[in-house]
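Chain by chain, the residues run as shown.
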Amino acid sequence: MNASLFELKDVTFRYETDHPVLESVSFSILPGERIALTGINGSGKTTLLELMVGLNKPQRGTVTAFGRTRIEEEDFYEVRLRTGLLFQDPDDQLFSSTVAEDVAFGPFNLGWPRKRIMAAVRAILARLGLEGFEHRITHHLSYGERRLVCMATILVMEPEVLLLDEPTEGLDEHHREMLVALLKASPCAMLIASHDKALLDAVTNRSLRLENGRV
Amino acid sequence: MHISEGILSPPVLIGGAVLSAAAVVQGLRELDDEDIPRAAVLTAAFFVASLIHVPVGFSSAHLILNGLLGIILGWAAFPAILVALLLQAVIFNFGGLTVLGVNTFILAVPAVLCRMLFVPVLRRSHTRTAFALVGALAGGLAVTLSGLLGAAAIAASGRGFRPVAGALLAVHLPVIITEALITAGIVSFLSRVKPGMLVRKKK
Amino acid sequence: MAHADPRLRVVTGFVLAMLLAVSQRFDTLLAGLALAAILYVAAELPTEPMRRRLVHLNIFMALLLPFLALHATPSEGAWLPALALSREGAMAALRIVIKGNAIVLVVSALISTMDTPTLGHTLAHLRVPDKLVHLFLFTVRYVEVLHMEYLRVMRGIRARGFRPRANRHTYRTISSLAGMLLVRSFDRSERVLAAMKCRGFRGKFFLLDYFHAARGDFVFGLVALAFAVTLAWMEWI
């Protein structure tokens, strides 16, 4: 019985330029798995993560998520609500005036009632050491604080799978430790692209390396 | 409210061009050389923002935001809108060159008007609701005025055009509503994140 | 023709477009349309964007013109009194259709084929005020940057399951998105200005491009002049 959360088969992807970014990539993510995704800069880690939630469409191969093959934009809608993708650049993710608004955005899309949303926002901010940040202006926060807020925006949606692109980059020691502890305690399956060896050693139990495909 | 090529009569085209030219000169006078990067980046931002589609009813409208541009730039909105329209005409082949003067006039006059009417009010506003309300008024008014000016230009171009003026305005109603709502949201956003953009200290 | 001096193309395009815009006689307009078609073919433009633009234009006209052709009260020479469709109105409508299409073709063939920085430099050489030219060039430079930024943030929004609908949530989201674009643009512009000052900027801009008129350009200019004079003559003499 196939209980995989994500399954990629023979996925090939290239941008307009000829050079293929991903070549015949195949792997799956089972519940409870925490996979480290390594590879040099430009090896396609970000592209792969974005492809898994349908932000890029592969020229060849299939993406199966939560038991169904996903091809059209409409297919990925459900995937995005159950998968938390953390972007590498927080400015690509944050767009609201206050922290609370940005964190509440996902739950709004999920259709939760207002009260549940407000409670969830408060709870996740507390867990990330951001108590009292609800009314802070995201634009004025430091880089590290914005990264953590981004983390909050996806964790609050209670996803089944986390796709994280350099989650600890720019974080000071204190926040970094908090994040590592949080990830260790999390029930989510994860695919983490990172250069932070300590993070990967502490949290992940499998490894994938991207080099023109996979090794 | 872009009017395409070929519809307007020569007097309207020339009149619009002359008036806009004069206003552009005035706008350039208010723009120091040092202000040009800011005005240009804001013009680019408005250009990109006008590509955003907002669902309304069963279809969608695209944003214009000339009211907001006027509030932020004042008379400099004239050269800014001229540049944006020129770019639209050349990059997207949308709009037109012979009608550049008239279209600039149609969009920029309400913009400057919004600056004159609403910035004093914004200076005295303190609550989020107040800002949102001013934004809604500015957005709705700007687009309504643009619609009226456009209809007037068409009506002035020929006897048979008059019934079209009314029809144009009716068709624009959803656009007016979305502009009001979105401008309200943006002004509210700016009042929290960067109020200095809305109300600058006089030089 | 793509190699003709840009200044010449801009001036020609503008003059021809204006001539067409003020013309009323059918023979002038039809000649203009024929000329426009020739220019268009000579310019070898990509068909798809042109097709879209013409469709756009003609739809706009199709919506507008019935109002023109139909008068409230039928005049003497009404064809179908019942529908108040008059000869005068139909002629006016036809005139506009020919005029509009001709102008679009001329402008596209001569001016739209230019890349925008070249257009900016051309305008400067045509004595357009400096500040306006620099505003234009700067804006061109940053439209691409901001467009990319918009696309990136939009992806982030879609990644959290957003679907645009006609509801308050959508309006709020779009407002925030637009607001954020403006705020970041504003900050970026301050950084740009600061960087310029670090390299000694004190308010004066410089342009690098300059144009040379070549022999082929004189020929082109003469031919264009001949066309313009012909059209004007047809219209007013």
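Residues numbered from 1 in each chain as written. Chains lettered and ligands numbered in written order. Predicted model: local features only at pLDDT ≥ 70, side-chain atom pairs only at ≥ 80, totals over all residues.

A. How the structure looks around the nonpolar core. Counting residues in hydrophobic clusters, the biggest one holds 197 residues, and the most contacted among them are Val103(A), Ala152(A), Ala45(B), Ala77(B), Ile81(B), Ala108(B) and Val106(C). Contact partners of Ala77(B), with chain neighbours within four places excluded, come to Gly27(B), Leu69(B), Gly70(B), Ala108(B), Ala111(B) and Val112(B). (Core = buried A, V, L, I, M, F, W, Y, C linked by C-beta atoms within 7 Å. Buried ≥ 20, exposed ≤ 12 C-beta atoms within 10 Å, placed from the backbone. Contact = placed C-beta atoms within 7 Å.)

B. Region of the structure containing the packing of helix α3 (residues 99-110) of chain A against helix α4 (residues 114-127) of chain A. Residue and element names in this part refer to chain A. With their axes 9 Å apart at the nearest point, α3 and α4 run at an angle of 125° to one another. Classified by the angle their axes make, α3 and α4 are oblique. The hand of the α3/α4 crossing is right-handed. Across the interface between the two elements, Ala100, Val103, Ala104, Pro107 and Phe108 of α3 pack against Ile117, Ala120, Val121, Ile124 and Leu125 of α4. Taken together, the residues of the contact of α3 with α4 break down into 10 nonpolar, no polar and no charged. (Axes fitted to C-alpha atoms, helices over the stretch in contact; angles between N-to-C directions. Helix = DSSP H or I, 4+ residues; strand = E, 2+ residues; numbered from the N terminus. Parallel < 35°, antiparallel > 145°, perpendicular 65-115°, else oblique. Left-handed = near helix turned anticlockwise from the far one by under 90°. Nonpolar A, V, L, I, M, F, W, Y, C, P; charged D, E, K, R; others polar.)

C. Spotlight on the interface of chain C and chain B. If you look at the interface, chain C gives 61 residues, while chain B gives 52 residues. At the level of elements, α1 (6-22), α3 (47-69), α4 (87-112), α5 (116-125), α6 (130-159) and α7 (168-198) of chain C are the ones that each hand at least two residues to the side of chain C that touches chain B. Per element, the largest residue contribution to the side of chain C that touches chain B is 17 residues, and it comes from α7(C). Tallied by class, the residues present in the side of chain C that touches chain B amount to 39 nonpolar, 16 polar and six charged.

D. Representation of the confidence of the model for chain C. Residue and element names in this part refer to chain C. Model confidence for chain C is summarised by a mean pLDDT of 78, while 81% of its residues fall at 70 or above. Ranking the elements of chain C by mean pLDDT puts strand β1 (residues 78-80) last, at 50, and α6 first, at 90. This model gives residues 71-78 a pLDDT under 50, and the stretch forms 16 contacts once residues within four places in sequence are excluded. Two summary scores accompany this predicted model of the complex, namely pTM at 0.82 and ipTM at 0.89. (pLDDT = per-residue confidence, 0-100.)

E. Region of interest: unusual backbone geometry. All names here are of chain A. Unlike most non-glycine residues, Asp10 shows phi in positive territory, near 55°. By the secondary structure assignment, Asp10 is in strand β1 (residues 6-14). The backbone of Ser24 sits at a positive phi, close to 50°, despite the residue not being glycine. Among the secondary structure elements, Ser24 is positioned in strand β2 (residues 20-29). Given 15 C-beta atoms within a 10 Å radius, Ser24 is considered partly exposed.

F. Region of interest: the pairing of strand β2 (residues 59-62) of chain B. Residue and element names in this part refer to chain B. Pairing between strand β1 (residues 53-56) and β2: four bridges, direction antiparallel. Bridge pairing links Val54 to Ala61 in β2. Taking the residues that link successive antiparallel strands as the turn, the β1-β2 hairpin has two residues, and the phi of Gly57 there is positive, at about 60°. (Pairing = 2+ DSSP bridges.)

G. Focus on the pairing of strand β4 (residues 60-65) of chain A. Residue and element names in this part refer to chain A. Relative to β4, β1 runs antiparallel, the two sharing five bridges. Directly across from Glu7, in β4, lies its bridge partner Thr64. Relative to strand β5 (residues 68-70), β4 is paired through three bridges, and the arrangement is antiparallel. When the bridges of β5 are listed, Val63 appears paired with Arg70. Connecting the antiparallel pair β4 and β5 is a turn made up of two residues, with Phe66 showing a positive phi of about 50°.

H. Local environment of the environment of Ile177(B). Residues and elements named next belong to chain B. As for its position among the elements, Ile177 is in helix α8 (residues 173-193). Using a count of 18 C-beta atoms within 10 Å as the deciding quantity, one classes Ile177 as partly exposed. Residues Ile177 and Gly140, 37 residues apart in the sequence, show an inter-C-alpha distance of 6.5 Å.

I. Quick peek at α6(C). All names here are of chain C. Look at α6: 44 Å from first C-alpha to last across 30 residues, which is about the 44 Å you get at 1.5 Å a residue. Its axis deflected by about 30° at Tyr142, α6 carries its strongest bend there. One or two residues past the end of α6 sits Gly161, with phi positive at roughly 80°. (Expected span 1.5 Å × (residues − 1). Bend = angle between axes of the 7 residues up to and from the residue.)

J. Main features of the sheet that holds β2(A). All names here are of chain A. Strand order in this open sheet of four strands is β2-β1-β4-β5, and the pairing throughout is antiparallel. The sheet terminates laterally at β2 and β5, the two strands that pair on one side only. Pairwise comparison of adjacent strand axes, ignoring direction, gives a mean angle of 25° for this sheet.

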